[in-house]
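Residues per chain, in single letters:
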Amino acid sequence: MSTNTIVVGVDETPAGAAALTWAAKEADLRGADLKIVHVWQIDAAVAMAGAEVPWMAYESDARSNAARWVTETIGSEDADGRPRRIEVVQGAPGPTLVDASRDAAMLVVGTRVHTGISRVLFGSVSHYCLTHAQCVVVAVPTTSTAETVDVASADDLVTH
């Protein structure tokens, strides 16, 4: 069962900004709800150090940073004047986004170039989503192409 919801995974990177901007425009075109999801993780070095982790402080920082960043990137309200809702979740980005998009019409993620050892160490969230999500996945490139392609909708990119 698919709802008229577009889920977008964001982080404070150019790839996240490209995905968020594209998803917000697409949601406006389709009259869809936009579900903004920011996934955060404790740095592996901090977790492995065995020190007590101040979870509440990390989560509070993640929430305030995500809200500020979304507001700076696309504004605090949608085209109809409704406030933007941001879901902030601690976990692994790929599985968390796939789970968040379970009943969505579309999942939008940004892409960035991971080569060599960085791909092995960090993996690719967009690749994980493309291979595991049960809905349409749009991977928006960070390059200027994402900002200059003038299409009315993602439907224009698909041949029927």
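Residues numbered from 1 in each chain as written. Predicted model: local features only at pLDDT ≥ 70, side-chain atom pairs only at ≥ 80, totals over all residues. Heavy atoms only, no water.

The protein chain is annotated in an unreviewed UniProt entry as Universal stress protein of Aeromicrobium phoceense. The UniProt entry for the protein chain carries the following comment under Sequence similarities (unreviewed entry): "Belongs to the universal stress protein A family." (UniProt positions renumbered as here; feature names shortened; annotations may be inferred.)

Participant: Explain the environment of A24 here, please?
Facilitator: Mapping A24 onto the fold places it in helix α1 (residues 14-30). With 55 residues separating them in the primary sequence, A24 and A79 have C-alpha atoms 9.1 Å apart. A24 has contacts with L34, I74 and R84, leaving out every residue within four places of it along the chain. (Helix = DSSP H or I, 4+ residues; strand = E, 2+ residues; numbered from the N terminus. Contact = heavy atoms within 4.5 Å.)

Participant: For this particular structure, what's the right way to read the pattern of salt bridges?
Facilitator: Where charged atoms from two side chains of opposite charge approach closely, those side chains can pair. This model, assessed by the stated rule, comprises 9 salt bridges. One salt bridge in this structure joins R82 and D33, with 3.9 Å as the shortest N-O distance. Residue R82 is found in the loop between α3 (55-74) and β3 (86-90), and its partner D33 is found in strand β2 (residues 33-40); the two are separated by 49 residues along the sequence. Overall, the relative accessible area of 40% leaves R82 in the partly exposed class. Residue classification places D33 among the partly exposed positions, given a relative accessible area of 35%. The salt bridge involving K35 is made with E87; its shortest N-O contact spans 3.8 Å. One end of the pair, K35, is in strand β2; the other, E87, is in strand β3, and 52 residues separate them in sequence. When its relative accessible area of 22% is taken as the criterion, K35 is described as partly exposed. What emerges from the salt-bridge pattern is a single network uniting D33, D78, D80 and R82. (Salt bridge = Lys/Arg side-chain N within 4 Å of Asp/Glu carboxyl O. Buried < 20%, exposed > 50% of the residue type's maximum accessible area, 1.4 Å probe, protein only.)

Participant: Help me understand the nonpolar core in this model?
Facilitator: I6, V8, L20, L34, I36, I74 and V108 are the most contacted members of the largest nonpolar core, which totals 20 residues. Put simply, the parts of the chain that give this core at least two residues each are β1 (5-10), α1, β2, α3, β4 (106-111) and β5 (136-141). If you tally residues by element for this core, the top one is α1, at 7 residues. Beyond its immediate stretch of four places on either side in the chain, I6 contacts A23, E26, A27, R30, A32, D33, L34, K35, M106 and V108. (Core = buried A, V, L, I, M, F, W, Y, C linked by side-chain atoms within 4.5 Å.)

Participant: Hey, could you run me through the confidence of the model for the protein chain in this one?
Facilitator: Parts of the prediction with low pLDDT should not have their coordinates interpreted in detail. Per-chain confidence: the protein chain averages 82 in pLDDT, with 73% of residues scoring 70 or above. Here residues 144-150 is modelled with pLDDT under 50, and outside its nearest four sequence neighbours on either side it reaches 3 contacts, counting other chains as well. (pLDDT = per-residue confidence, 0-100.)

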